[in-house]
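Examining the three-dimensional arrangement
For reference, the chains in residue letters:
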Amino acid sequence: MDSRRHDAVTDAAVDREICRALAVDPSPEFLARVRTRIASEPEPAAWRLSWVLAAPAVVAVTVVAIVAVSRWPPASTHAPAPLTARTFVGATALVSPPLTSAQAVRPVVAGRPRTAHVTRESEVLIAADEARALRALIAGVREGRIVLTPELNAVPATSEPLSVDGIAIDPITITPIAPVTGETGVRQ
Amino acid sequence: MHEYTDRLAGSVAAVNAELEREFEARLVESSTLAFRIAFSVLRHRQDAEEIAQEAFVKAYRRFAQLRDRDRFRAWLVRMTWRLAIDRQRNDRRRAARERHHEIAPVPTASDEVLARERADRLWRAIDALPDKLRVVIVLANIEEHDIAAVARLLGLPPGTIKSRLFLARQRLKEQLQWILDDTTR
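Residues numbered from 1 in each chain as written. Chains lettered and ligands numbered in written order. Predicted model: local features only at pLDDT ≥ 70, side-chain atom pairs only at ≥ 80, totals over all residues.

Quick notes on the overall build of chain B
Helix and strand content of chain B: nine helices and zero strands. Secondary structure elements of chain B, listed N to C terminal, follow the sequence α-α-α-α-α-α-α-α-α. By the burial criterion, 34% of the 185 residues in chain B qualify as buried. Nonlocal contacts in chain B, meaning residues at least 24 apart in sequence, comprise 61% of its contacts between residues at least 6 apart. (Helix = DSSP H or I, 4+ residues; strand = E, 2+ residues; numbered from the N terminus. Buried ≥ 20, exposed ≤ 12 C-beta atoms within 10 Å, placed from the backbone. Contact = placed C-beta atoms within 7 Å.)

A look at the overall build of chain A
A tally of regular secondary structure across chain A gives eight helices and zero strands. N-terminal to C-terminal, the α/β element order of chain A is α-α-α-α-α-α-α-α. Buried positions account for 5% of the 188 residues belonging to chain A. By sequence separation, contacts in chain A at least 24 residues apart represent 78% of the contacts at least 6 residues apart.

Let's talk about the nonpolar core
Counting 48 residues, the largest nonpolar core has Ala38, Ala55, Ala59, Val136 and Leu139 of chain B as the members making the most contacts within it. The contact partners of Val136 of chain B, leaving out residues within four places of it in the chain, are Val150, Ile161, Arg164, Leu165 and Ala168 of chain B. (Core = buried A, V, L, I, M, F, W, Y, C linked by C-beta atoms within 7 Å.)

With respect to the environment of Asp70 of chain B
All names here are of chain B. For Asp70, the location among the structural elements is in helix α3 (residues 69–90). Look at Asp70 and you get exposed, because 10 C-beta atoms sit within 10 Å. Each C-alpha atom of the pair Asp70 and Ala149 lies 9.4 Å from the other, and the pair is 79 residues apart in sequence.

Topic: helix α2 (residues 11–22) of chain A
All names here are of chain A. End to end, α2 covers 16 Å across 12 residues, agreeing with the expected 16 Å (1.5 Å per residue, within 8%). Burial in α2 covers these residues: Ala13, Val14, Glu17 and Ile18. The buried side chains of α2 occupy one side of the element, clustering within an arc of 135 degrees when seen end-on. (Expected span 1.5 Å × (residues − 1). Arc of directions from axis to C-beta.)

Thoughts on the packing of helix α6 (residues 131–140) of chain B against helix α7 (residues 147–154) of chain B
Residues and elements named next belong to chain B. Two elements in contact, α6 and α7, have axes whose closest approach is 10 Å; the angle formed by their N-to-C orientations is 130 degrees. It follows from the interaxial angle that α6 and α7 lie oblique. When you trace α6 past α7, the crossing you get is right-handed. Each of Val135, Val136, Leu139 and Ala140 in α6 lies in contact with α7, whose residues at this interface are Val150, Leu153 and Leu154. By residue class, the composition of the contact of α6 with α7 is seven nonpolar, no polar and no charged. (Axes fitted to C-alpha atoms, helices over the stretch in contact; angles between N-to-C directions. Parallel < 35°, antiparallel > 145°, perpendicular 65-115°, else oblique. Left-handed = near helix turned anticlockwise from the far one by under 90°. Nonpolar A, V, L, I, M, F, W, Y, C, P; charged D, E, K, R; others polar.)

Considering unusual backbone geometry
All names here are of chain B. Its identity as a non-glycine residue notwithstanding, Arg43 has a phi of 55 degrees, on the positive side. Take Arg43: it is sitting in the loop between α1 (2–42) and α2 (45–61). Of note, the phi angle at Glu143 is positive, near 55 degrees, even though the residue is not glycine. Checked against the element boundaries, Glu143 lands in the loop between α6 and α7.

As for the confidence of the model for chain A
Residues and elements named next belong to chain A. Considering every residue of chain A, the mean pLDDT works out to 69; 50% of them sit at 70 or more. Element-level pLDDT for chain A is lowest in helix α1 (residues 2–8), with a mean of 49, against a maximum mean of 91 in helix α3 (residues 30–40). Of the regions scoring below 50 in pLDDT, residues 87–96 engages in 14 contacts with residues more than four places distant in sequence or in other chains. (pLDDT = per-residue confidence, 0-100.)

Here we look at the confidence of the model for chain B
When pLDDT is averaged along chain B, the result is 83, and 83% of the positions lie at 70 or above. Across the assembled chains, the prediction reports ipTM 0.75 with pTM 0.54.

Here you go:
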């Protein structure tokens, strides 16, 4: 009897009862409350991922820009060149190769060097007035207007070695070590 | 440089705005589902709304990984169910008091008393089911989910869902005999 009644109850009837029990809707304010709560949430970590990726890119671009700027200084056409050493790199630049007077008085323009390796050399910086004086001196000597021989002869020669006479060293005396008392090879 | 960062910021803002729009769409289409799942466990409207809201907040935090519609709903269903069960277990005394308060028979019309008694019996029968059967029978009766849909939501094979649904119905039929007799008579 019970089993027949049990069979008579259909799945549809069970589902209908459950559907009826579950036919409850949230209140109209529910969605608004969820939105408000979510709005108060900090931005999710995963959503900030794009910033996490972007930040290193920005840093990298900044570093590249700084390096580029430091290696490639902007050419300044109007700025004065207080130290005009570019054409007088090193002491040898003053004596060789031979300079023509035109080359010697060529105006120096500060700015970007022609090749990168030139900027890597250590530079001797000479003040502009001293450079002018040196150029004039060299030009004068070459043209025979200035004779430096008397001045050079007047300079005392300091390259000769000093002579040292009779260095006396006292003889070293070493006193012998006193022998140890007792028989040799006998344990004390 | 500024132009680059501005463009980057603009792109990120656009992506975030798109995610916000997608989440809003998921919220609208799944809010009732989440609420009913929570309600099927807690049988208290306010508690169910709190649990559903909590599930949506958790979903929002992980939404970048849950943009796929099916994955989102499945995740939401499981999360809501778990939260509701946790709430029920951790606060059983309070839940019982609320349920009693909500379903307490009010001596008015006899039809109303009968309806409340039916609902009470039904929920007690559903509560008596093991969790794995209960979630299947509840999901199958929310939004008319078929076996394939329930299988997708729970991440289980359709065959498993079918057998669990069968078992759940059998047990409910035994428990609800007198109610269903009335309905089918």
